[in-house]
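# Geometric and topological summary
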Amino acid sequence: MATPLLEARGISKYFGAITALTDVNFRVGHGEVLGVVGDNGAGKSTLMKILSGLFRPSEGQLLFNGTPVEFKSPKDAQKLGIEMVYQDFALAGNMAIYENIYLGREPGTKIGPLTVVDHGRARRMAAEHLDRMHIHVKSVEQNTEDLSGGQRQAVAIARATAFDGKLVIMDEPTAALAIKEVGKVLDLIKSLKDHGVAVIIISHRMDDIFYCCDRVMALYQGTNFAESRLDTTSRNEVIGWIMGTKGHTTGLAHDNMH
């Protein structure tokens, strides 16, 4: 089996007396779109925060391209090309699209601790990047607060992939969108594959999972429950996993993890 882009082995996470994750194994391949499902409290968000460097695991190990890594902060994960897109998009509404894409990592000239931002270059780079991603906006100088929910989600994805992104983690990417915008965002997620970017989607929406994912894994009460390629499972089976029931199993996480 090819070396996964990102792998987690035996991950446990404790918050005082509360156990959020127990001995979770996880992997995502290069250019793979992986759906992660589970009920509220199953540990999905905790696992994603560990993978993106926001939390440190209490036990277990992360490997990136087969090499053990330790993330002390999200910056460490970002250096490797791992980006998290949050449900609220985390964009600055009063700033232009191009400023949001490069926020905190602006192109320019460093003078001591300061960066003199090259706005012309940032605008050009943003326009080229959006074009490459087939994301259409009137102008990169538009404020993000003037965009629709789908456009804001697209800008958040553009920001996540602007710096040689290898893996984008998305928490409920279509939850806040109008129905007509959902398809566009899911197509954009599928197109990341063509750019060689892997995607992890946490979603409660089976339509989203079955439309754009290659594989789905279910967490249940903080542990691996089941996983399968999408072409060998059904919606009903995956819904059963979320509720903690198994029909015919298509390969448990532990069986095919090592």
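In what follows, the structure referred to is the one given above.
To start, this report covers the structure provided alongside it. Remember, predicted model here, so these are calculated numbers, not experimental data. (Residues numbered from 1 in each chain as written. Predicted model: local features only at pLDDT ≥ 70, side-chain atom pairs only at ≥ 80, totals over all residues. Heavy atoms only, no water.)

### As for the sheet that holds strand β10 (residues 198-202)
Sheet architecture is open: 6 strands sit in the order β6-β9-β10-β3-β11-β12, paired in mixed fashion. Each edge of the sheet is formed by a strand with only one pairing partner; in this case those strands are β6 (82-85) and β12 (223-229). Averaged over all neighbouring strand pairs, the angle between strand axes comes to 20 degrees, with direction disregarded. Of the pairings in the sheet, the one linking β6 to strand β9 (residues 167-171) comprises 4 bridges and is parallel in character. By the bridge assignment for β9, Ile82 is matched with Leu167. This element, helix α1 (residues 44-51), spans β3 (33-37), β6, β9, β10 and β11 (215-220) of the sheet and lies at about 150 degrees to β10. Helix-sheet contacts for helix α8 (residues 235-242) involve β3, β11 and β12, and the interaxial angle to β11 is about 25 degrees. (Pairing = 2+ DSSP bridges. Helix = DSSP H or I, 4+ residues; strand = E, 2+ residues; numbered from the N terminus. Axes fitted to C-alpha atoms, helices over the stretch in contact; angles between N-to-C directions. Contact = heavy atoms within 4.5 Å.)

### Observations concerning the packing of aromatic side chains
Counted according to the given criterion, the structure contains 3 aromatic pairs. Judged by centre distance (5.7 Å) and plane angle (85 degrees), the rings of Tyr102 and Phe163 are edge-to-face. With Tyr102 in the loop between α3 (97-101) and β7 (108-111) and Phe163 in the loop between α5 (149-161) and β9, this residue pair connects regions lying 61 residues apart in the sequence. With a relative accessible area of 4%, Tyr102 lands in the buried category. Lying over the aromatic face of Tyr211, Lys190 brings its terminal NZ or CZ to 4.3 Å of the ring centre. Its end group placed over the ring of Phe225, Lys246 keeps NZ or CZ at 4.0 Å from the ring centre. (Phe/Tyr/Trp six-rings, centres within 6.5 Å; stacked < 30°, edge-to-face > 60°. Buried < 20%, exposed > 50% of the residue type's maximum accessible area, 1.4 Å probe, protein only. Lys NZ or Arg CZ within 6 Å of the ring centre and 35° of its normal.)

### What about helix α6 (residues 179-194)?
Looking at α6, one finds that the buried residues are Glu181, Val182, Val185, Leu186, Leu188, Ile189, Ser191 and Leu192. At its buried positions, α6 is contacted by β3, α5, β9, β10 and α7 (206-212). Backbone geometry just downstream of α6 places Gly196 in the positive-phi region, at approximately 75 degrees.

### Examining the pairing of strand β2 (residues 18-28)
Successive residues of a regular strand alternate their side chains across the two faces of the sheet. Relative to β2, strand β1 (residues 6-15) is paired through 7 bridges, and the arrangement is antiparallel. Looking across to β2, one finds that Lys13 is bridged to Leu21. Hairpin geometry of β1 and β2 is characterised by an intervening segment of 2 residues between the two adjacent antiparallel strands and by a positive phi of about 60 degrees at Gly16.

### A short note on the pairing of strand β8 (residues 114-117)
For β7 and β8, the ladder comprises 4 bridges, and the chain directions are antiparallel. By the bridge assignment for β8, Gly108 is matched with Val117.

### Things to note about the sheet that holds β2
Spatial ordering of the open sheet is given by β2-β1-β4-β5, a layout of 4 strands whose pairing is antiparallel. Edge positions in the sheet fall to β2 and β5 (67-69), since each of these pairs with one other strand and no more. Averaged over all pairs of adjacent strands, the angle between their axes in this sheet comes to 30 degrees, without regard to strand direction. Relative to β2, α1 is tilted by about 60 degrees, and along the sheet it contacts β1, β2 and β4 (59-64).

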